[in-house]
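Residues per chain are reported as follows:
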Amino acid sequence: MMADILFEKRGKIAIITLNRPQVMNAFTMDMIDQWAEALDEYRKDDSVHAVVLTGAGERAFCSGVDLAALDAMDASKSINRKNILWEHIHRIALTLEQLEKPMIAAVNGSAVGAGMDMALMCDIRFASENARFSEGYIRVGLVPGDGGAYFLPRIVGMAKALELLWTGDFISAKEAKDLSIVNHVYAPQDLMQKTLEFAERIANSPTIAIRMIKRAAYQSANLDLRTALDLISSHFSIVRDTEDHHEALAAMIEKRTPHFTGN
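Residues numbered from 1 in each chain as written. Predicted model: local features only at pLDDT ≥ 70, side-chain atom pairs only at ≥ 80, totals over all residues. Heavy atoms only, no water.

### Considerations on the overall build of the protein chain
Okay, step 1: Of the regular secondary structure elements, the protein chain holds 12 helices and 10 strands.
Okay, step 2: The C-alpha atoms of the protein chain give 19 Å as radius of gyration, which agrees with the globular expectation for 263 residues (18 Å, within 12%).
Okay, step 3: Overall, the protein chain is about 65 × 45 × 35 Å in size when its C-alpha atoms are taken along their principal axes.
Okay, step 4: By the burial criterion, 44% of the 263 residues in the protein chain qualify as buried.
Okay, step 5: Partitioning the intrachain contacts of the protein chain with sequence separation of at least 6 by distance along the chain shows that 68% fall at a separation of at least 24.
Okay, step 6: Accessible surface, the protein chain as shown: approximately 13,900 Å² in total, 56% of it carbon and sulfur. (Helix = DSSP H or I, 4+ residues; strand = E, 2+ residues; numbered from the N terminus. Rg over C-alpha atoms; globule rule 2.2 N^0.38 Å. Buried < 20%, exposed > 50% of the residue type's maximum accessible area, 1.4 Å probe, protein only. Contact = heavy atoms within 4.5 Å. Areas by Shrake-Rupley, 256 points an atom, 1.4 Å probe, with all protein chains shown as cover.)

### Concerning the packing of helix α6 (residues 148–156) against helix α7 (residues 158–167)
Okay, step 1: α7 packs onto α6 with a crossing angle of 135° between their chain directions and a minimal axis gap of 7 Å. Compared by their axis directions, α6 and α7 come out oblique. Pair α6 / α7 crosses with right-handed handedness. Packed against α6, whose contacting residues are Gly148, Ala149, Leu152, Pro153 and Val156, the element α7 presents Met158, Lys160, Ala161, Leu164 and Leu165 at the interface. (Axes fitted to C-alpha atoms, helices over the stretch in contact; angles between N-to-C directions. Parallel < 35°, antiparallel > 145°, perpendicular 65-115°, else oblique. Left-handed = near helix turned anticlockwise from the far one by under 90°.)

### Section: helix α1 (residues 29–44)
Okay, step 1: Between its terminal C-alpha atoms α1 stretches 23 Å, which fits the 22 Å expected from 16 residues at 1.5 Å a residue.
Okay, step 2: When α1 is considered as a whole, its buried residues turn out to be Met29, Met31, Ile32, Asp33, Trp35, Ala36, Ala38, Leu39 and Tyr42. (Expected span 1.5 Å × (residues − 1).)

### Some words on the sheet that holds strand β8 (residues 132–134)
Pairing between the strands of a sheet comes from backbone hydrogen bonds, and it takes one of two forms, parallel or antiparallel.
Okay, step 1: Reading across from one edge, β4-β6-β8-β9 is the order of the 4 strands in this open sheet, with mixed pairing throughout. The strands lining the two open edges of the sheet, one partner per strand, are β4 (60–62) and β9 (171–172).
Okay, step 2: Where strand β6 (residues 110–112) lies against β8, 2 bridges are found, and the strand directions are parallel. Pairing of alanine 111 across the sheet is with phenylalanine 133, part of β8. (Pairing = 2+ DSSP bridges.)

### Notes on the sheet that holds strand β3 (residues 50–55)
Okay, step 1: Ordered by their spatial adjacency, 6 strands build an open sheet running β1-β2-β3-β5-β7-β10, and the pairing between neighbours is mixed. Edge positions in the open sheet fall to β1 (5–10) and β10 (184–186), since each of these has one partner strand only. Averaged over all neighbouring strand pairs, the angle between strand axes comes to 20°, with direction disregarded.
Okay, step 2: In this sheet, strand β5 (residues 103–107) lies alongside β3 in parallel orientation, the contact comprising 4 bridges.

Spelled out as structure tokens, the structure:
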């Protein structure tokens, strides 16, 4: 039997695939635990420069938590339900918060509820023309349990986020691109190739600069201008001493392709 979640490395890129297409790649708690552990390993592994998340098949990226698996847990009390989220499902968002490497979602099909949230917590998203997005919690009388109320307003603005959260309406890949939820939309057969090409380009860029850009961008979103400029001046000074910076300058002067070592 194939595993419910697959982990693969292609050169400097790690690929995570949700592999339950028969249930629209709904995740179980066991998948969540493996997923979080893998992300933590990739965070520490200097040979991994970028991570890609996708789903198996063309029907769905992820439909959220597997309700059958959830029902099998002791969720009869509210404190237990909270702990299922906090101790399991929320591990992905909290681990990603510590991941300074690029995290890219290849949204191959429908992303619904927590499945949409899992895409939103990635740094950027590419989508298949078949992809659809919905924060469908309201359809079953629930609140967004996996960070949707945090991530979505930061991407589309508060008013549009509330519209999508309050209605649970589906939006197409094109609409998602217009709202900056996804960066690019591709034909289904081209999605992974285009995503991996982008991931490889970033993975082969100056490693320390890439990570510091991500850190600065996220931290600056919650800082005043003076503090953000103070932070970036430190980053700028540090990367000036890296081998990759000196190699980039030399390659520019010598009119050749740079060779970065990640140092």
